[in-house]
Amino acid sequence: MVSMHTGGSSEKEESVEEVLKKAGVIRVRGVMEALDTLKALVNLPVPKGNRIGMVTNSGGISMNFMDTCGKYGLVLPKFSNELAKKIEKLLPPGIGYPYNPVDGTANISYNLMKGAFEEIINSGEVDILAVTAIRSFFVPYDHFERSWREGFELAKERGVPMLGVLMGDDKAFELIAKKLEAIGMPIYPTPERGGLALAHLYEYSLIKKEYR
């Protein structure tokens, strides 16, 4: 009886998903997911493809982010050697990773983030830019706010959606996230929420292509 009931529920769920997909509906589960998704849909351009470029100071956060949005067909391509060499010049000597995700480690800085954003956006190798970070206590708050803001402005100018995931103390919200959201850059407190919002934005891009 248990297996029969479970199987029936699974089939019903698949049927609902199929109907919603054909109708061009983005399915969310809960109010928080709906609000997170709306924040991305309202503020960001529709991505032209599924390639994500990422800058981070924490490999764990970037992995959790991609684990979430990767289930929806988004990918993290390895950067070309040409792009990686440009980014490598921005990294502290002997540490960090220039190939996507760009990992600036705890030594991440304004110049590193701003330079990496510019190189990635201008490369044409990605369709989406994501930045994920834990606010390092020895990196000033304004290093994050200024570089993310300037990166977002350039991405917007180029028609590339850019969002951020920021984890940290209460001041990180007041001095970084709040200011960035005031200019339209979606900021999420966990990689799972940010990844899911981006996944739904990508879903919307596919719906638009389907019904064009």
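Please read these numbers as outputs of a predicted model, since none were measured by experiment.

### Structural notes on the packing of aromatic side chains
Inference 1: The final tally for this structure, using the stated rule, is 2 aromatic pairs.
Inference 2: The interplanar angle of 55° and the centroid separation of 5.8 Å between the aromatic rings of Tyr 97 and Tyr 99 together place this pair among those described as tilted.
Inference 3: Residue Tyr 97 is classed as partly exposed on the basis of its relative accessible area, which comes to 39%.
Inference 4: Ring centres 6.2 Å apart and planes at 75° place the aromatic pair Phe 144 and Trp 148 in the edge-to-face group. Here Trp 148 and Phe 144 lie together in helix 6 (residues 141-158), a separation of 4 residues that amounts to about one turn. Each member of the pair, Phe 144 as well as Trp 148, carries the same accessibility label: buried.
Inference 5: Above the face of the Tyr 188 ring, Lys 39 is positioned so that its terminal group lies 4.6 Å from the ring centre.

### Considering unusual backbone geometry
Inference 1: Backbone torsion omega between Asn 100 and Pro 101 reads 0°, so that peptide bond is classified as cis.
Inference 2: Looking at the secondary structure, you find Pro 101 in the loop between helix 4 (81-88) and strand 2 (102-103).
Inference 3: A positive phi angle is found at Asn 100, which is not glycine, with a value near 55°.
Inference 4: When you line up the elements, Asn 100 lands in the loop between helix 4 and strand 2.
Inference 5: A positive phi angle, close to 55°, is found at Thr 105, a residue other than glycine.
Inference 6: On the secondary structure map, Thr 105 appears in the loop between strand 2 and helix 5 (110-123).
Inference 7: A relative accessible area of 22% places Thr 105 in the partly exposed class.

### Comments concerning the environment of Asp 103
Inference 1: Tracing the backbone through its elements, the reader meets Asp 103 in strand 2.
Inference 2: The spatial distance from the C-alpha of Asp 103 to the C-alpha of Asn 57 is 5.3 Å, given a sequence separation of 46 residues.
Inference 3: With near-sequence residues (within four places) excluded, Asp 103 lies in contact with Thr 56, Asn 57, Ser 58, Gly 59, Leu 91, Gly 96 and Tyr 97.

### Topic: the pattern of salt bridges
Inference 1: Applying the stated criterion to the full structure yields 10 salt bridges.
Inference 2: Measuring nitrogen to oxygen at the nearest pair gives 3.7 Å for the salt bridge that ties Asp 169 to Arg 135. Placement of the pair is Asp 169 in the loop between strand 4 (162-167) and helix 7 (170-182) and Arg 135 in the loop between strand 3 (128-134) and helix 6, with a sequence separation of 34 residues.
Inference 3: A relative accessible area of 28% means that Asp 169 is categorised as partly exposed.
Inference 4: Of the charged contacts, one joins Arg 158 and Glu 157 as a salt bridge, the two residues approaching to 2.8 Å between their closest N and O atoms.

### Quick notes on helix 5
Inference 1: The first and last C-alpha atoms of helix 5 sit 20 Å apart over 14 residues, in line with the 20 Å expected at 1.5 Å per residue.
Inference 2: Taken together, the buried positions of helix 5 are Tyr 110, Leu 112, Met 113, Gly 115, Ala 116, Phe 117, Ile 120 and Ile 121.
Inference 3: Packed against the buried residues of helix 5 are strand 1 (52-56), helix 4, strand 2, strand 3, helix 6 and strand 4.
Inference 4: At the C-terminal side of helix 5, Gly 124 shows a positive phi close to 75°.

### Here's the deal with the confidence of the model for the protein
Inference 1: With 88% of its residues at a pLDDT of 70 or more, the protein has an overall mean of 90.
Inference 2: For residues 1-6, every residue scores under 50 in pLDDT, and the model assigns this stretch 0 contacts once sequence neighbours within four places are set aside.

### Notes on helix 8 (residues 191-210)
Inference 1: Here helix 8 spans 28 Å end to end across 20 residues, near enough to the 28 Å set by a 1.5 Å rise per residue.
Inference 2: Residues of helix 8 that are buried in the fold lie against helix 2 (31-43), strand 1, helix 3 (59-69), strand 3, strand 4 and strand 5 (187-188).

### What about a nonpolar patch on the surface?
Inference 1: On the surface, a nonpolar cluster with roughly 420 Å² of combined accessible area is contributed by Val 31, Leu 35, Leu 38 and Val 42.
Inference 2: In this fold, Leu 38 is placed in helix 2.
Inference 3: For Leu 38, a relative accessible area of 46% gives the class partly exposed.

Calculation notes
- Residues numbered from 1 in each chain as written.
- Predicted model: local features only at pLDDT ≥ 70, side-chain atom pairs only at ≥ 80, totals over all residues.
- Heavy atoms only, no water.
- Phe/Tyr/Trp six-rings, centres within 6.5 Å; stacked < 30°, edge-to-face > 60°.
- Buried < 20%, exposed > 50% of the residue type's maximum accessible area, 1.4 Å probe, protein only.
- Helix = DSSP H or I, 4+ residues; strand = E, 2+ residues; numbered from the N terminus.
- Lys NZ or Arg CZ within 6 Å of the ring centre and 35° of its normal.
- Contact = heavy atoms within 4.5 Å.
- Salt bridge = Lys/Arg side-chain N within 4 Å of Asp/Glu carboxyl O.
- Expected span 1.5 Å × (residues − 1).
- pLDDT = per-residue confidence, 0-100.
- Patch = residues over 30% accessible without salt bridge, like charges linked within 9 Å, V, L, I, M, F, W, Y side chains within 5 Å.
- Areas by Shrake-Rupley, 256 points an atom, 1.4 Å probe, with all protein chains shown as cover.

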